[in-house]
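# Observations on the model geometry
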Amino acid sequence: MTFKTKLLASTAALLIATGGAVLADGHATHPDTGVALASDQSFTYSVLDDFPSIDPALVEDVEGASVARDLFEGLMTEDATGTVQPGVATGFEVSEDGLTYTFTLRENAKWSNGDPVVAGDFVYGLQRAANPETASEYAWYLEVMGVENAAAVTAGEMPLDALGISAPDDFTVVYKIDAPRPYFPQMTTFPTTFPQHRATIEAHGDEWTRAENMVSNGAYVLSDYVPAEKLVRSRNAMYWDNDNTIIEEITALIINDSNQALTRYLAGEIDVVMDVPAGQFPRLNTEYPGEALSLPSSCTYYYQFNQSDSGPEALKDVRVRQALSLAVNRDIITDNVLAGGQRPSWTLTHWAIAGWEQPEIAAASMTQDERNAMAVELMAEAGYGDDNPLTVEIVYNTSDSHQSVAVAVGQMWKQTLGVDVTLANQEWATFLDTRGEQNYEVARSGWCADYNEPSTYTDLLTSGSAYNDGKYIDADIDALAQEAKFAEDAMPLYREMEQIASDNAYFLPIYHYASVRMIAPDMENWPTENLLQNWYSKDLYISASE
Amino acid sequence: MYSFIAKRLAIAVPTLLILIIFSFILMFAAPGGPFGGERPPPAAVLANIEARYGLDQPYIVQMFSYVKNVVFHFDFGPSFQYRDRTVNDVIAQGFPVTLTYGAWSALVAVVVGVSLGVAAAIRQNTWLDYLAVGITIGAQALPNFVMAPMLVLLFTLGLGWLPGGGWSGGLLIDACDAGDRLCFNNPFGGAVRFDYLILPVIALSTSYMASIARITRSSMLEVMNSNFIRTAMAKGLPMRRVIFRHALKPALLPVISYLGPAVVGMITGSVVVDVAFSTGGIGQFFVNSAFSRDYAVIMGITILVGALTILFNLLVDVLYAWIDPKIRY
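What comes next concerns the included structure.

The rules behind each value
Residues numbered from 1 in each chain as written. Chains lettered and ligands numbered in written order. Predicted model: local features only at pLDDT ≥ 70, side-chain atom pairs only at ≥ 80, totals over all residues. Heavy atoms only, no water. Phe/Tyr/Trp six-rings, centres within 6.5 Å; stacked < 30°, edge-to-face > 60°. Helix = DSSP H or I, 4+ residues; strand = E, 2+ residues; numbered from the N terminus. Buried < 20%, exposed > 50% of the residue type's maximum accessible area, 1.4 Å probe, protein only. Contact = heavy atoms within 4.5 Å. Buried area = accessible area lost by both parts, 1.4 Å probe. Salt bridge = Lys/Arg side-chain N within 4 Å of Asp/Glu carboxyl O. Axes fitted to C-alpha atoms, helices over the stretch in contact; angles between N-to-C directions. Parallel < 35°, antiparallel > 145°, perpendicular 65-115°, else oblique. Left-handed = near helix turned anticlockwise from the far one by under 90°. Nonpolar A, V, L, I, M, F, W, Y, C, P; charged D, E, K, R; others polar. Pairing = 2+ DSSP bridges. Patch = residues over 30% accessible without salt bridge, like charges linked within 9 Å, V, L, I, M, F, W, Y side chains within 5 Å. Areas by Shrake-Rupley, 256 points an atom, 1.4 Å probe, with all protein chains shown as cover. Lys, Arg positive; Asp, Glu negative; His and termini not counted. Charge placed at Lys NZ, Arg CZ, Asp CG, Glu CD. Disulfide = S-S within 2.5 Å. Polar contact = N/O pair within 3.5 Å; in protein donor to acceptor, adjacent residues only side chain to side chain. Core = buried A, V, L, I, M, F, W, Y, C linked by side-chain atoms within 4.5 Å. Right-handed = clockwise from strand over helix to strand, strands pointing away.

## Details of the packing of aromatic side chains
- Applying the stated criterion across every chain yields a total of 38 aromatic pairs over all chains.
- Each ring, one from Trp447 of chain A and one from Tyr467 of chain A, has its centre 4.9 Å from the other, and the planes form 40 degrees; the classification is tilted. In this pair, Trp447 of chain A sits in strand β18 (residues 442-448) while Tyr467 of chain A sits in the loop between α15 (455-458) and α16 (475-486), placing the two residues 20 residues apart along the sequence. Both residues of the pair, Trp447 of chain A and Tyr467 of chain A, count as buried.
- Judged by centre distance (6.2 Å) and plane angle (70 degrees), the rings of Tyr101 of chain B and Trp167 of chain B are edge-to-face. Of the two residues, Tyr101 of chain B is situated in helix α4 (residues 87-122) and Trp167 of chain B in the loop between α6 (144-158) and β1 (172-173); the sequence distance between them amounts to 66 residues. The pair Tyr101 of chain B / Trp167 of chain B is uniform in exposure class, with both members buried.
- Each member of the aromatic cluster is reached from another via a ring pair, and the members are Phe24, Phe28, Tyr53, Tyr59, Tyr66, Phe80 and Tyr295 of chain B.

Below, the structure is given as structure tokens:
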């Protein structure tokens, strides 16, 4: 309590001392936009589930990552469009072979206890994430980044200092990676790479993330956390850019039921609702124009065909897979079944990924009638028809929206192709086992981008991917993926991979996700163009209502 | 009597052990596991995590070390789902919340339910009886997952009287904030606030209240028609004395046997109430922990509920002996 009061007092003192706030009619104004600011710069948002962890080395969910991005700051950070901006690092240099990144840190970055943020904190943070003893589920992210020896260090086969990160001096961080990755700097905005305060973690062990123990270097500090109820963060007076930060306090309420969250938003208890039931978007958009937003969310929804030995013979026939794919009217699913701003998909890669252009997929430009006609023909060629109907089971994890999609797809297959479809839903953990062990025929899948570049999707197309639950093997795709790793311009290669996958209908892309949010009209600067849905409270502000 | 209590407590130990063993078997028989989810991490990462939680050990070893930690250290282990918390933390944080709204629900359910039941029985076949029966049937027919959102729509969105959810420290807090409704500063320090409590209590207590009213009514009717009541009436005792002195005690016996498990149900909370009002109580973990295969939390809550059930059933039996002179242990 006293700590918080002190903190608020010192923040206020700082604001007055720097003259950062211009008072006009009792209201400060935003330095860039000139919009009058509300006197109360705090907001409340709702999340669906409690945070599995807010320890940057352990964070594993989207909402936990948002908390970590407020409490901590990485080498780089992002602006509202997701473009990489200097964070603790003022900039970086890349070696000619693209394998060494040298980041220069700013000297005025401080931890919330006043300690300077030094290069060693980044090395410690990354090593802790890779350390087998930490047992972080997200240790795999270091492998995705290509950090040298990440896999071996995580497996305990190499010592921690073999990890490809070093600190030649207090203000220089050097990363060594295994292949050139033009998008590497963007990956340093991910929480797993954030610096960590060694003395705090060593002193408090697993309890270092408690509000009374945590030392962080971001724009905010953790001031209160009641598990399963709420998490509150308030200003970090030690943050190097504190003068330009406006929001004072953020409260995350954990509300397990999205309809309940919506009701409380309407009652004025919440300013931002993160997960509005997608089906409600059309209604909310009409009733509360400007408050209901549908934003592209970089995930793709698709069905996998079991092409392994345990799968049905029929699905090993490319004509059957093609026919099943063609017969799915994606427009009906996005516009009528889901109606939350999703888009039909013909590739795994999300349409909004930076620099992505969809390959020429013939089916994408046909009308549904043409697709259906083609599908019927392919099915007949494969030997299935009224006298010999194909039977297929779609398995999905229990959820209303997955069920709606499965019912619609089943109906389309039945009507167009005469396929006998049965639906089976399973509880989540059971479903994952079923799919992972190829005990299915057709299974629902989804994939979300880890970074804003096509390979976050196209890596899944390869035969060796751990997420290829269809177990198809395509040597051409594998060769292209290998080539793309070292290619100057990998985009055409990614497109070719998607093209091959589509020609062979290895899986059935259905739609690209959108996420629906309710955002109070006085909440300003909420990023709508960040495809990965990352947001930073330090860039937001609340305007004074007239 | 004391030897009876001692015997019952002694039986509780093997009962709990059997409960633990059965829960372990069911848990490990369920497909899937606590880690990985949609994108299982590389095998080496998964191995690290399993080693940290002892999941790489044979089931029987896991079970023994679990029981050992619980019995000797009262340590229920770390939560698998919430990496920064132990099961003791989860229970210590959530149980006081459900205990608070659960105990109030029990109080409301008993007071309202018994009053309604008694009133209906002694005014049998009058408008009062029909009203009471109507209310209880309605209350039992309306599930709390329907009632909870309706309460929020009415009291939060419609009337704006009560918050739509949250807990904010619950009943006993340091001091009232300006503008807090239903909050009373205690002259001796601290404050009592009811606004976050009311909706969860209504949602949780209603169906229990209805059951209690119906049980009370039928058992009261039976007692009122028995010989000793007829004798009491014949002696010319005033009605009030007949009811409170003679009829109520035996009439409450079935209510008390119902209350044992019912009170446990209320004070350990309900997933519907916790989710609908975001109280942060322990009720939601019953379901969440099973879905996320958080073995440690599943076990912790199972043991908590099991122990409370045994305790309250014992309490019921003791109360029985106290009320009914025919019962001797």
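## Considering the interface of chain A and chain B
- Taken together, the contact pairs 52 residues of chain A with 45 residues of chain B.
- Counting each side, the surface lost to burial between chain A and chain B is near 3,900 Å², with a carbon and sulfur contribution of 50%.
- Seen at the junction of chain A and chain B, the total is 4 salt bridges.
- A salt bridge links Arg293 of chain B to Glu427 of chain A; its shortest N-O distance comes to 2.7 Å.
- The set of elements that each furnish at least two residues to the side of chain A that touches chain B consists of α4 (140-145), β10 (220-226), α8 (258-266), α14 (428-436) and β18 of chain A.
- The biggest single contributor to the side of chain A that touches chain B is α14 of chain A, with 6 residues.

## Section: the packing of helix α10 (residues 253-267) of chain B against helix α13 (residues 295-323) of chain B
Residues and elements named next belong to chain B.
- Look at α10 against α13: their axes get within 9 Å of each other, and the N-to-C directions meet at 160 degrees. Considered as vectors, α10 and α13 are oriented roughly antiparallel to each other. Remark: the crossing between α10 and α13 carries right-handed chirality. Of α13, the residues touching α10 (which contributes Leu253, Pro254, Ile256, Ser257, Gly260, Pro261, Val263, Val264 and Ile267) are Val305, Leu308, Thr309, Phe312, Asn313, Val316, Leu319, Tyr320 and Ile323.
- Partitioning the contact of α10 with α13 into residue classes produces 14 nonpolar, 4 polar and no charged.

## Brief notes about the sheet that holds strand β7 (residues 100-105) of chain A
All names here are of chain A.
- Here 4 strands make up an open sheet; going across it, the order is β6-β7-β9-β8 and the pairing antiparallel. A single partner strand is all that each edge strand has here, and the edge strands are β6 (89-94) and β8 (165-169). Averaged over all adjacent pairs, the angle separating strand axes in this sheet is 25 degrees, with direction ignored.
- Packing against the sheet, helix α3 (residues 119-130) makes contact with β7, β8 and β9 (172-176), and its axis sits at approximately 165 degrees to β8.

## Some thoughts on a positive patch on the surface
- A cluster of basic residues, Lys235, Arg241, Arg245 and Lys249 of chain B, forms a positive patch at the surface.
- Here Arg241 of chain B lies in helix α9 (residues 239-251).

## Observations regarding the pattern of salt bridges
- Evaluated as defined, the whole model comprises 20 salt bridges over all chains.
- A salt bridge links Arg128 of chain A to Asp55 of chain A; the shortest N-O distance between them is 2.6 Å. You can see Arg128 of chain A sitting in helix α3 and its partner Asp55 of chain A sitting in the loop between β3 (42-47) and α2 (62-71), a full 73 residues away along the chain. This pair shows no difference in class: Arg128 of chain A is buried, exactly as Asp55 of chain A is.
- In the salt-bridge network here, residues are joined through shared partners; they are Glu207 and Arg210 of chain A together with Asp89 of chain B.

## Side note on unusual backbone geometry
- You will see that Ala339 of chain A, though not glycine, has its phi angle at about 50 degrees, which is positive.
- Following the sequence through the fold, Ala339 of chain A ends up in the loop between α11 (330-338) and β15 (343-344).
- Residues other than glycine seldom take positive phi values, yet Asn125 of chain B does so here, at roughly 60 degrees.
- You can see Asn125 of chain B is positioned in the loop between α4 and α5 (127-141).

## Some thoughts on the state of the cysteines
All names here are of chain A.
- Tallying each qualifying case throughout the model produces 1 disulfide over all chains.
- Residue pairing for Cys299: its cysteine sulfur links by disulfide to Cys448, the two sulfurs lying 2.0 Å apart. Around the S-S axis, the bridge from Cys299 to Cys448 shows a dihedral of about 105 degrees and counts as right-handed. Of this pair, Cys299 sits in strand β14 (residues 292-305) while Cys448 is found in strand β18, placing the two residues 149 residues apart along the sequence.

## Considering α8 of chain A
Residues and elements named next belong to chain A.
- With 7 of 9 residues buried, α8 lies mostly within the body of the structure.
- Turning to α8, its buried residues are Ser258, Gln260, Ala261, Leu262, Thr263, Arg264 and Tyr265.
- Between the side-chain oxygen of the N-cap and the backbone nitrogen of Asn259 there are 2.8 Å, and the N-cap of α8 in question is Asp257.
- Of the residues one or two after α8, Gly268 is the one with positive phi, at around 80 degrees.

## As for the nonpolar core
- Of all hydrophobic cores here, the largest spans 81 residues; its most connected members are Phe24, Tyr101, Met220, Phe277 and Phe285 of chain B.
- Those residues in contact with Phe24 of chain B, other than ones at most four positions away along the chain, are Gln62, Met63, Tyr66 and Met299 of chain B.
- Within the second largest apolar cluster, 67 residues are counted, among which are Ile54, Phe72, Leu126 and Val272 of chain A.

## Looking at a nonpolar patch on the surface
- Among the surface-exposed residues, Trp104, Leu107, Val111 and Val112 of chain B lie close enough to one another that they form a single nonpolar patch of about 340 Å² accessible area.
- If you trace the backbone, Leu107 of chain B turns up in helix α4.

## Looking at the pairing of strand β16 (residues 391-397) of chain A
Residues and elements named next belong to chain A.
- With respect to burial, β16 is a largely interior element, 5 of its 7 residues being buried.
- Pairing analysis gives 7 bridges linking β16 to strand β17 (residues 420-426), with the strands arranged parallel. If you follow Tyr396 over to β17, its bridge partner there is Asn425.
- Viewed along the sheet, the connection from β16 through helix α13 (residues 400-417) into β17 turns out right-handed.

## What to know about the sheet that holds β1 of chain B
Residues and elements named next belong to chain B.
- Read from one edge to the other, the open sheet built from 3 strands follows the order β1-β3-β2, with strand pairing classed as antiparallel. On the outer flanks of this sheet lie β1 and β2 (183-185), each paired with one strand and no other.
- Where β1 lies against strand β3 (residues 191-193), 2 bridges are found, and the strand directions are antiparallel. The residue of β3 that forms the bridge with Ile173 is Ala191.

## Considering the environment of Gly265 of chain B
- Relative to the assigned elements, Gly265 of chain B resides in helix α10.
- Placed 61 residues apart in sequence, Gly265 of chain B and Leu204 of chain B show a C-alpha to C-alpha distance of 9.8 Å.

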